[in-house]
Amino acid sequence: MNMKSSLTLLLTICTFLLYSSAELDGSLTYIWPLPEKSSSGNDTLSVDPELSLAVGGKGGDSSIIKDGFGRYKKIIFKHSSKSYPVNKRSVFDIGILKIVVLSDNEELQLGADESYFLLVEKRNGQSIIGEAYIEANTVYGALRGLETFSQLCAFDYETKTVQIYKAPWYIVDKPRFAYRGLLLDTSRHYLPINVIKQIIESMSYAKLNVLHWHIIDEQSFPLEVPSYPNLWKGSYTKWERYTVEDAYDIVNFAKMRGINVMAEVDIPGHAESWGAGYPDLWPSPSCREPLDVAKILLLILLELYIACEAMIMVAMLANGNCQSARYLRMKKGAWLLDHNMTTKDAYQYFVLRAQEIAISKGWTPVNWEETFNTFASKLNPRTIVHNWLGGGVCAKAVAKGFRCIFSNQGFWYLDHLDVPWDDVYKAEPLEGINDTSMQDLVIGGEVCMWAETADTSVVQQTIWPRAAAAAERMWSKREAISSGNITLTALPRLHYFRCLLNRRGVPAAPVTNDYARQPPTGPASCYEQ
């Protein structure tokens, strides 16, 4: 091949790539999740690479705000840009981001106010330096505003500056549901601390606010409990463990991003690993679960389960799909006879006693739905029922006055790799619930990353981008995201958000693969896969 034909081939390839690139639909709002209210214009604003922070209000001086601004500034100005002398910086439209936080209350609990107001417009003639403005009632609302602001900023490769298109922007936003969770299973496969932090960071990009940390299951007990030092003998190896300091580090890391951590104590089923260090907890050497409810040690462990002291809620007695079969095998010993109980009675006794302990410590018991399905009338009214088996459970739970979390496994179990993005997106937590007062009892939903077949090598590709589809369902107004053809209104925006995740270092898989977490099927733009 001579030089001329090589050049022609190169130009042909470049031309093909240029004209096959995806174009954005100007009628869509490329903010994920979609804000409650927004308006935009036709201006393009430049953002100073030396963007500075100004604060106001009682909570504006919080370290949560300062650290958040620093994180997002690094994200926004990830590309190297031209250097400008100080006296030339007036060429930029936005030089200051002002954040006003009205309250200095930094308590992070279910229902914390995450609303915010964001204004981005050209500076007026009286202002020397233009500014963008975020106002929120709490630091956590301000963090959500920071995320939205960061999504408005885009690097322009021709001018090598950060631009905000379609300004002025006027956004008033708040979440639809208070609880927007992701379950992370570190028992089936251990996840290193830095990986958990990466996942927490990525959760903040989609405005998720609860990490349901499924630390322990029958396969392994990786967490240190100093009062009972042999418990983590149930870990896979001595290198696959979490110290108390690790747990507190994760909780504090998450709080700085407005994310609660809910630790799950998984008993009496799914708890074989507890007996590796304390064999007396097993009913017998050949019957290792469910744990023996007659052992008072188990209740003491619950009371002293120190990892939960840093969490807002404690999820108890989880995943009864095995319990429903296994508690029937519980040995009928003298304790059952003395208390005139059947094995089912003993299971109920344990659940209710565990609830008492949790409530006495100010915790909120969250039970997987089996306890509601089996003895709803006995549960404490403060119980939150966590749906997973199928549809219709939340409707039944709220009808009896319980709060509910939606995690229908047919749509929101991320380990079900054959569930496409649109099924995740369309799954509705309020389906079948028409009464407004009952709708208020559905506190939100949760996507679940069970880890039987997911470890560090694939966990983030399995979570994203499908978790983002559920995140918008939980944040944005139902009527705004449920009308029209979602292939036209949501899919291009989800493509864009998936590419945003990739640019931020999150290995989100292609959106439209038939099978989740698969690599691309061939060459194409990120915005088309």
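Relevant structure appears above.
All values reported here derive from a predicted model rather than from experimental measurement. For every chain, the first residue of the written sequence is number 1, and numbering continues from 1 onward in sequence order. In keeping with the predicted nature of the model, local features appear solely for residues at pLDDT of at least 70, side-chain atom pairs appear and are counted solely at 80 or more, and the whole-chain, interface and lining totals rest on all residues. Excluded from the side-chain calculation are hydrogens and water; included are all heavy atoms of the structure.

### A word on helix α9 (residues 343-360)
Step number 1: In this description a helix means any DSSP run of H or I spanning at least four residues, a strand means any run of E spanning at least two, and both kinds are numbered starting from the N terminus. Helices are assigned an expected span. That span is 1.5 Å times one less than the residue count. Given a rise of 1.5 Å per residue, 18 residues ought to cover 26 Å, and the 26 Å separating the end C-alpha atoms of α9 matches this to within 8%.
Step number 2: Only protein chains enter the calculation, and the probe is 1.4 Å; a residue is then buried if its accessible area is under 20% of its type maximum, exposed if over 50%, and partly exposed in between. Three or more residues of α9 are buried, namely Thr343, Ala346, Tyr347, Phe350, Val351, Leu352, Ala354, Gln355, Ile357, Ala358 and Ile359.
Step number 3: Positive backbone phi, approximately 80°, marks Gly362, located one or two places after α9.

### Section: the environment of Ala136
Step number 1: Among the secondary structure elements, Ala136 is positioned in strand β5 (residues 131-136).
Step number 2: Here Ala136 falls in the buried class, since its relative accessible area comes to 3%.

### What about the side chain of Arg71?
Step number 1: Tracing the backbone shows Arg71 in helix α2 (residues 63-76).
Step number 2: For this analysis, residues touch if any pair of their heavy atoms sits within 4.5 Å. Apart from residues no more than four positions distant in its own chain, Arg71 is found in contact with Leu143, Glu201, Met256 and Arg257.

### Regarding the side chain of His212
Step number 1: Within the fold, His212 resides in strand β10 (residues 210-214).
Step number 2: Residue classification places His212 among the buried residues on the basis of a relative accessible area of 0%.
Step number 3: Two N or O atoms form a polar contact when they lie within 3.5 Å of each other; inside protein one atom must be a possible hydrogen donor and the other a possible acceptor, and for residues adjacent in sequence the pair counts only when both atoms belong to side chains. A distance of 2.8 Å separates a polar atom in the side chain of His212 from a polar atom in the side chain of Glu446.

### With respect to the nonpolar core
Within soluble globular proteins, side chains that are nonpolar tend to cluster in buried spots.
Step number 1: By nonpolar core we mean a set of buried residues, namely Ala, Val, Leu, Ile, Met, Phe, Trp, Tyr and Cys, connected to one another through side-chain atoms within 4.5 Å. Val120, Phe149, Trp274, Ile463 and Trp464 are the most contacted members of the largest nonpolar core, which totals 128 residues.
Step number 2: Looking at which domains feed residues into this core, each of domain 1 (37-173) and domain 2 (179-318 + 331-486) gives three or more.
Step number 3: The residues contacting Val120, other than those within four sequence positions of it, are Leu45, Ile94, Ala132, Phe149, Leu152, Ile164, Ala167, Pro168 and Trp169.
Step number 4: Counting seven residues, the second largest nonpolar core, distinct from the first, contains Val366, Ile384, Ile405 and Ile443. Just so you know, the domain bounds were taken from an automatic or database domain assignment.

### Notes on helix α3 (residues 139-152)
Step number 1: If you check α3, its first and last C-alpha atoms are 20 Å apart, about what 14 residues at 1.5 Å a residue would give, namely 20 Å.
Step number 2: The element α3 is extensively covered by neighbouring structure, given that 14 of its 14 residues are classed as buried.

### A look at the packing of helix α4 (residues 193-205) against helix α5 (residues 244-255)
Step number 1: Angles shown run from 0 to 180 degrees and are taken between the N-to-C directions of axes, each axis being a line fitted to C-alpha atoms and, for helices, limited to the stretch in contact. Between α4 and α5, the least distance of the axes is 10 Å, while the angle of their chain directions is 20°. Here α4 lies roughly parallel to α5, going by the angle between them. Between α4 and α5 lies a crossing of right-handed hand. Residue-level inspection shows Ile193, Ile196, Lys197, Ile200 and Glu201 of α4 in contact with α5, the latter providing Asp246, Asp249, Ile250, Phe253 and Ala254.
Step number 2: Under the scheme applied, nonpolar residues are Ala, Val, Leu, Ile, Met, Phe, Trp, Tyr, Cys and Pro; charged residues are Asp, Glu, Lys and Arg; polar residues are all the others, including Gly. Per-class residue counts for the contact of α4 with α5 are six nonpolar, no polar and four charged. Should an angle fall under 35 degrees it is called roughly parallel, over 145 degrees roughly antiparallel, and 65 to 115 degrees roughly perpendicular, with every other angle called oblique. The crossing is said to be left-handed when, going from far helix to near helix, the turn is anticlockwise and less than a right angle, and right-handed when the turn is clockwise.

### Quick look at the layout of surface pockets
Step number 1: A pocket, in this scheme, is an open set of points on a 1 Å grid over the protein atoms alone with protein on both sides within 12 Å along at least 5 of 7 lines, while a cavity is a set where a 1.4 Å probe fits but cannot get out; residues line either one if an atom lies within 4 Å of a point. Grid points are joined across faces, edges and corners, and a volume is the space filled by probe spheres set on the points. In this structure, the largest pocket occupies an estimated 1000 Å³ of space.
Step number 2: Taken together, 31 residues line the largest pocket, and the ones lying closest to its centre are Ala154, Phe155, Tyr496, Arg503 and Tyr527.
Step number 3: Where the lining of the largest pocket is concerned, the elements lending two or more residues are α2, α3, β6 (153-156), β7 (161-167) and α19 (491-503).
Step number 4: Looking at side-chain class alone, the lining of the largest pocket contains 18 nonpolar, six polar and seven charged residues.

### Some details on the packing of aromatic side chains
Step number 1: Ring pairs are drawn from Phe, Tyr and Trp, using the six-membered ring of Trp, whenever the two centres fall within 6.5 Å, and their geometry is named by plane angle: stacked under 30 degrees, edge-to-face over 60, tilted for the rest. Using the criterion set out here, one finds 17 aromatic pairs in the structure.
Step number 2: Look at Trp32 and Phe497: their rings are 6.2 Å apart centre to centre, the planes differ by 25°, and that puts the pair in the stacked class. Taken together, the residues Trp32 in the loop between α1 (3-19) and β1 (37-39) and Phe497 in helix α19 connect sequence positions 465 residues apart. Across the pair, Phe497 and Trp32 agree in class, each one buried.
Step number 3: Where Phe372 meets Phe402, the ring centres are 5.8 Å apart and the plane angle is 80°; that geometry is what we call edge-to-face.

### What about the pattern of salt bridges?
Step number 1: In the sections that follow, a salt bridge refers to a side-chain nitrogen of Lys or Arg positioned within 4 Å of a carboxyl oxygen of Asp or Glu. Evaluated as defined, the whole model comprises 17 salt bridges.
Step number 2: A salt bridge links Lys174 to Glu36, with the nearest nitrogen and oxygen atoms 2.8 Å apart. Taken together, the positions of Lys174 in the loop between β8 (169-173) and β9 (179-185) and Glu36 in the loop between α1 and β1 put the pair 138 residues apart, joining distant regions of the chain.
Step number 3: By relative accessible area, Lys174 is classed as partly exposed at 41%.
Step number 4: Since its relative accessible area comes to 22%, Glu36 is described here as partly exposed.
Step number 5: Within the structure, one salt-bridge network assembled from shared partners comprises Arg176, Glu428, Arg473 and Arg478.

### Side note on the environment of His386
Step number 1: Looking at where His386 falls in the secondary structure, it is placed in strand β14 (residues 384-386).
Step number 2: Sequence separation between His386 and Arg403 is 17 residues; the distance between their C-alpha atoms is 8.7 Å.
Step number 3: Excluding its chain neighbours within four sequence positions, the residues that come into contact with His386 are His212, Val366, Asn367, Trp368, Glu369, Ile405, Ser407 and Glu446.
Step number 4: For His386, the side chain forms a polar contact with the side chain of Ser407, separated by 2.8 Å.

### Examining unusual backbone geometry
Step number 1: In this chain, Trp32 is followed by Pro33 through a cis amide linkage whose omega measures -5°.
Step number 2: Checked against the element boundaries, Pro33 lands in the loop between α1 and β1.
Step number 3: Cis geometry is adopted by the peptide bond preceding Pro465, which originates at Trp464 and carries an omega value of 10°.
Step number 4: With respect to the secondary-structure elements, Pro465 resides in the loop between α15 (459-463) and α16 (466-475).
Step number 5: Located in the positive-phi region is Arg517, a residue other than glycine, with phi close to 65°.
Step number 6: Mapping Arg517 onto the fold places it in the segment after α19.
Step number 7: Residue classification places Arg517 among the partly exposed positions, given a relative accessible area of 23%.

### Here's the deal with the state of the cysteines
Step number 1: The definition used for a disulfide is geometric: two cysteine sulfur atoms within 2.5 Å. Enumeration according to the criterion identifies two disulfides in this entry.
Step number 2: Cys394 shares a disulfide with Cys404; S-S distance 2.1 Å. Between Cys394 and Cys404, the disulfide has an S-S torsion of -75° and is therefore left-handed. You can see Cys394 sitting in helix α11 (residues 393-399) and its partner Cys404 sitting in strand β15 (residues 403-406), a full 10 residues away along the chain.
Step number 3: The partner cysteine of Cys499 in its disulfide is Cys526, sulfur to sulfur 2.0 Å. The disulfide joining Cys499 to Cys526 has a torsion of about -125° about its S-S bond and is therefore left-handed.

### Remarks on empty space enclosed by the protein
Step number 1: Taken as a whole, this structure holds four cavities of 30 Å³ or more when the rule is applied.
Step number 2: Each pocket or cavity is described by its volume, and for the largest cavity that value is around 90 Å³.
Step number 3: If you go around the largest cavity, you meet 18 residues; those closest to its centre are Arg466, Pro510, Val511, Asn513 and Ala516.
Step number 4: Taken together, the residues of the lining of the largest cavity sort by class into 11 nonpolar, three polar and four charged.
Step number 5: Approximately 50 Å³ is the volume attributed to the second largest cavity.
Step number 6: Around the second largest cavity, the lining residues are Leu108, Gln109, Gly111, Ala112, Glu114, Tyr140, Arg144, Ala178, Asn209, Gly258 and Asn260.

Limitation: the analysis is restricted to geometry and does not speak to function.
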